[in-house]
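Spelled out from the first residue to the last, the chains are:
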Amino acid sequence: MNVTSHFGFFYKGYRVECTRKEARIILQGRVVGKSKAISRAAIEQDVERVIARRREVGNG
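These numbers were taken from a predicted model, which means no experiment stands behind them.

Among the secondary structure elements, Arg49 is positioned in helix H1 (residues 40-59). Put simply, Arg49 and Gly33 are 16 residues apart on the chain and 9.4 Å apart in space, counted from C-alpha to C-alpha. Looking at Arg49, its side chain comes within polar contact range of the side chain of Asp46, at 2.2 Å.

Rendered as structure tokens:
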């Protein structure tokens with residue numbers, strides 16, 4: 001039996017689901033980014049990068 005423990009949190013409107021190996025950054029039910037960071041602060045920085053990238057694409 002494969003049991004995966006995980007936790008999640010919300011950050012600036014994005015849902016972040018974390019497992020032991022990665023964190024998935026989710027907006028409106030779609031995975032918009034992934035992070036391999038190991039601390040919440042580092043994951044939050046990765047979410048900020050995703051937000052910045054999405055703004056660049058939207059304004060380009």
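What follows picks up the thread again.
On to the packing of aromatic side chains. For the structure on display, the rule yields one aromatic pair. Ring centres of Phe7 and Phe9 lie 6.4 Å apart, and the angle between their planes is 20 degrees; this geometry places the pair in the stacked category. Sitting over the face of the ring of Phe9, Arg40 holds its NZ or CZ atom 3.9 Å from the ring centroid.

Cut-offs used in this document
- Residues numbered from 1 in each chain as written.
- Predicted model: local features only at pLDDT ≥ 70, side-chain atom pairs only at ≥ 80, totals over all residues.
- Heavy atoms only, no water.
- Helix = DSSP H or I, 4+ residues; strand = E, 2+ residues; numbered from the N terminus.
- Polar contact = N/O pair within 3.5 Å; in protein donor to acceptor, adjacent residues only side chain to side chain.
- Phe/Tyr/Trp six-rings, centres within 6.5 Å; stacked < 30°, edge-to-face > 60°.
- Lys NZ or Arg CZ within 6 Å of the ring centre and 35° of its normal.

Read these as geometric descriptors, not functional statements.
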